[in-house]
Amino acid sequence: MSSPELNIAKKAVMNAGKALEQVIQRNELLSVKKKVANDFIKNAEQASLTELYYTLKKAYPEDDIQTENKSLTENQNADRVWQVVPLDGAINLLYNIPHCAMSVTLFDKGKCKETVIYNPITDDLANAIKGGGSFFNQHRIRFDKDLEPAQCVMLTNKPDSDKALAPHLLALKNLSKQVIDVRSMGCPLMDLAYVAAGKSDGYWQSGISHFKINAAELLIQEAGGQCLDFTAGRAHKEKSQLVAASLNNAAWMAAQLKNIYS
């Protein structure tokens, strides 16, 4: 299933991916230390953001376009808002690890209508339309509702704050004993796309940004899964706590996390 808006969102991330590739090529012979000195991450993010902005702005000049920090237009009262994450997994990109992503998510009158998550290095693209299903590289994706926790590989990422590190490590220890494996791959957006696509089976993280939750939630839901907070409630955006998995495994994961984070 497609739409004019989804086609533009795909075009936006493809254009941004090409701009990101140019930054990578200009710096490919540099050491990590020299990349940092040359503001590699800042330049990569800006190149991506510029293309996302101009592609969306050209197609829909009356809509608002927002990053996590600010609105990029003067249309703050617009019914339609495009939320963009120009670069996730920046450390991976810095170290030439091909696991990073960008996202474009459309809200119409406060309701999420579609989302696109794209890894420009591997050319993996995940997308969803409200009521139209989720897709990974154009293939329809669905959660395996019969998968038990002991059959699962779970993903997580380290929280940004030092205060949240101790419960994170405790959760990591607890869940690792009950599933096949828990892995940290450094790019929440792409990790969540992998979960929706069945390349892993669940994800949790504290301190995750609203925009990343927004980008992934529709993808998870349209694939037949759910997003919860660590008490199995629906306040995952307010609490910046995310559990994403099949219906049964999300509830199970939240039950494991509830006592640790309470």
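Structure shown above.
Each chain has its residues counted from 1, following the order in which its sequence is written. For a predicted model such as this one, the threshold for reporting local features is a pLDDT of at least 70, and the threshold for listing and counting side-chain atom pairs is 80 or more; totals across whole chains, interfaces and linings nevertheless cover every residue. Where side-chain values are given, they derive from all heavy atoms of the structure, hydrogens and water being excluded.

> Sorry, what's going on with a nonpolar patch on the surface here?
Together, Ile 91, Tyr 95 and Ile 97 give the surface a local cluster of nonpolar side chains, amounting to about 320 Å² of exposed area. Helix and strand definitions here come from DSSP, where helices need a minimum of 4 consecutive H or I residues and strands a minimum of 2 consecutive E residues; each element is numbered from the N-terminal end. Looking at where Tyr 95 falls in the secondary structure, it is placed in the loop between α4 (90-94) and β3 (101-108). Exposure above 30% relative accessible area and no salt bridge define the residues that can form patches, which grow by joining like charges within 9 Å and nonpolar side chains of Val, Leu, Ile, Met, Phe, Trp and Tyr within 5 Å. Using the Shrake-Rupley algorithm and a 1.4 Å probe, accessible areas are obtained, with residue cover drawn only from the displayed protein chains. Whenever Lys or Arg places a side-chain nitrogen within 4 Å of a carboxyl oxygen from Asp or Glu, that contact is recorded as a salt bridge.

> Looking at this structure, I do not really get the side chain of Thr 105. What am I missing?
Examined against the element boundaries, Thr 105 turns out to sit in strand β3. The exposure class assigned to Thr 105 is buried, which follows from its relative accessible area of 0%. Reaching out from Thr 105, the side chain makes a polar contact with the side chain of Thr 115 at a distance of 3.0 Å. Only protein chains enter the accessibility calculation, which uses a 1.4 Å probe; a residue whose area is less than 20% of its type maximum is buried, one above 50% is exposed, and one in between is partly exposed. We define a polar contact as two N or O atoms separated by no more than 3.5 Å, with the added condition that, inside protein, one atom must be a possible hydrogen donor and the other a possible acceptor, whereas residues neighbouring each other in sequence contribute only through side-chain atom pairs.

> When you look at the sheet that holds strand β6 (residues 133-136) in this model, what are you seeing that I'm missing?
Two pairing modes exist for strands in a sheet, parallel and antiparallel, and in both the strands are linked by backbone hydrogen bonds. DSSP-based pairing: two strands are paired if at least 2 bridges between them are found. In space, the 7 strands of this open sheet follow the order β1-β2-β3-β4-β5-β6-β7, with mixed pairing throughout. Bordering the open sheet on either side are β1 (64-66) and β7 (139-141), each of which pairs with just one other strand. Between one strand axis and the next, the sheet turns by 20° as a mean value, whatever way the strands run. Note that β3 and strand β4 (residues 111-119) share 7 bridges and pair antiparallel. In the strand pairing of β4, Val 104 is matched with Val 116. Geometry is summarised by axes, namely lines fitted to C-alpha atoms with helices restricted to the contacting stretch, and by angles between N-to-C directions that run from 0 to 180 degrees.

> Help me understand the state of the cysteines, please; the structure alone is not making it clear to me.
For this text, the term disulfide refers to a pair of cysteine sulfurs within 2.5 Å. On inspection of all chains with the given rule, the structure shows 0 disulfides. Unpaired in terms of disulfides, Cys 227 finds its nearest cysteine sulfur in Cys 112, a separation of 11 Å. With a relative accessible area of 1%, Cys 227 lands in the buried category.

Don't take any of this as a statement about function, it's just geometry.
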